[in-house]
Amino acid sequence: MDQARLVARRLPQAPGVYRFRDDNGRILYIGRAVNLRRRVLSYWTHLGDRPRLARMVNRIARVEGVECDSEHEAAWLERNLLEHTKPRWNRTEGGAEVVGYIRFDPDGPRFTHELELTRKHFGPYLGGLRVRQAISAIQRVIPLQYTTEATGSVREFAKLFGVGPDDREMLTQAAYAVLDREPSAVAAVRDELTRRRDQAAGALRFEFAGKLQDELAAFEWIVAEQKVSLLAADDADVHGWADGVMVSFGLRDGRVRTWTQHAMTERTARERVAATPAGWQLFAQRNAELAARLLA
């Protein structure tokens with residue numbers, strides 16, 4: 001246990017997934033973290049009145065980790081792994097967040113949160129509330145919902161925002177660019193939300209500023225890097241090697257479902273690493289280096 005605690009100090013202060021094993025190599029627990037090092041070390045310092053976890057900690061012989069590119073990616077990876085295998089100390093099989101999508105409704109026109117795939121859609125995303133808050137954030141900056149022929153209050157808002165039916169296509173494409181994670185489009189919405197939040201706080205409208213902060217956080221959640229669960233039929237084997245350790249991820253139907261690591265010579269690993277898809281090479285190499293550091 002003391003050795004495992006020392007190893008935990010080598011984890012990065014980054015989002016990711018962690019895994020505990022016992023002396024026999026059996027997986028005890030899989031979890032995710034915003035900060036891997038802080039979260040894993042907390043098992044030895046902040047268990048409080050959770051005797052069940054204290055019993056598990058006494059059995060930890062090895063700590064393993066995967067550094068992800070965002071909190072959202074870590075959440076998806078944890079979910080996928082738990083759906084494939086449920087260790088003894090995990091209570092659920094794949095996370096509690098609702099899986100959702102964002103769909104463009106041309107009759108609105110507006111973007112909606114959907115639980116099933118229909119027509120033009122983006123996602124998948126985890127967390128129904130976050131998805132709805134992100135939609136609100138995007139439509140707050142890109143007022144697509146007011147580009148209608150409607151009368152009454154909708155028309156008054158359209159005048160206020162300076163938009164109309166002729167702007168529908170332009171605003172739709174602007175929203176698509178954001179949801180496709182185009183850097184300039186994402187930055188424009190982020191900057192405007194930040195400006196409005198700070199302006200509200202400066203005017204002492206703290207409740208509204210808090211609402212905007214929540215929407216900004218949800219927006220960051222859905223536009224962050226996330227490749228471990230995609231709407232694709234891709235199957236691939238992803239491999240990284242460093243200092244005698246091979247780390248492998250199994251991608252099936254667009255989702256990373258397995259994570260393994262074991263000793264291997266560079267000569268044996270070379271062909272598998274070379275066959276790893278280009279978009280996964282940095283991820284695989286980074287996590288092979290992490291695995292080697294934790295085993296050193």
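For the structure, check the block above.
Residues numbered from 1 in each chain as written. Predicted model: local features only at pLDDT ≥ 70, side-chain atom pairs only at ≥ 80, totals over all residues. Heavy atoms only, no water.

## Here's the deal with the sheet that holds strand 7 (residues 236–242)
In sheet architecture, strand pairing relies on hydrogen bonds along the backbone and comes in two forms, parallel and antiparallel. Counted only if it meets this: Any two strands with at least two DSSP-identified bridges between them are counted as paired. A run of H or I in DSSP counts as a helix once it spans at least four residues, and a run of E counts as a strand once it spans at least two, with each numbered from the N terminus. Here, axes are lines fitted to C-alpha atoms. For helices the fit covers the stretch in contact, and angles between N-to-C directions go from 0 to 180 degrees. Any two residues whose heavy atoms approach within 4.5 Å at even a single point are treated as in contact.
Spatially, 7-8-9 is the arrangement adopted by the 3 strands of the open sheet, whose pairing is antiparallel. Two strands in the sheet have a free side with no partner beyond their single neighbour: strand 7 and strand 9 (255–263). Taking each pair of neighbouring strands and ignoring which way they run, the sheet shows an average axis angle of 15°. In this structure, strand 8 (residues 245–252) lies alongside strand 9, joined through 8 bridges in antiparallel fashion. When the bridges of strand 9 are listed, phenylalanine 249 appears paired with tryptophan 259. Most of the contacts of helix 10 (residues 266–274) go to strand 7, to which it runs at about 145°, and overall it touches strand 7 and strand 8. Against the sheet, helix 11 (residues 278–295) makes contact with strand 7, strand 8 and strand 9, and its axis sits at roughly 45° relative to strand 7, the strand it touches most.

## Looking at the packing of helix 5 (residues 128–141) against helix 9 (residues 206–223)
Selection rule: Roughly parallel means an angle under 35 degrees; roughly antiparallel means over 145; roughly perpendicular covers 65 to 115; every other angle is labelled oblique.
Relative orientation of the contacting elements helix 5 and helix 9 amounts to 105°, with a least axis distance of 7 Å. By the criterion of interaxial angle, the relationship of helix 5 to helix 9 is roughly perpendicular. The segment helix 5 lies against helix 9, with Arg130, Gln133, Ala134, Ser136, Ala137, Ile138 and Arg140 engaging Phe208, Lys211, Leu212, Asp214, Glu215, Ala218, Phe219, Trp221 and Ile222.

## Remarks on the pairing of strand 2 (residues 27–33)
Spelled out, the test is: Accessibility here uses a 1.4 Å probe with only protein chains present; expressed as a share of the type maximum, an area under 20% marks a residue as buried, one over 50% as exposed, and anything in between as partly exposed.
Here strand 2 lies mainly inside the structure; 5 of its 7 residues are buried. Between strand 1 (residues 16–21) and strand 2, which follow one another and run antiparallel, lie 5 residues, and glycine 25 among them has a positive phi close to 85°.

## As for the pairing of strand 1
Strand 1 sits mainly inside the fold: 6 of its 6 residues count as buried. Side-chain alternation along strand 1 places Gly16, Tyr18 and Phe20 on one buried face and Val17, Arg19 and Arg21 on a second face that is also buried. Pairing between strand 1 and strand 2: 6 bridges, direction antiparallel. Bridging from a neighbouring strand, arginine 21 pairs with isoleucine 27 of strand 2. Taken together, the 6 bridges between strand 1 and strand 3 (residues 62–67) define a ladder with antiparallel strand orientation. Note on strand 3: the bridge partner recorded for tyrosine 18 is glycine 65.

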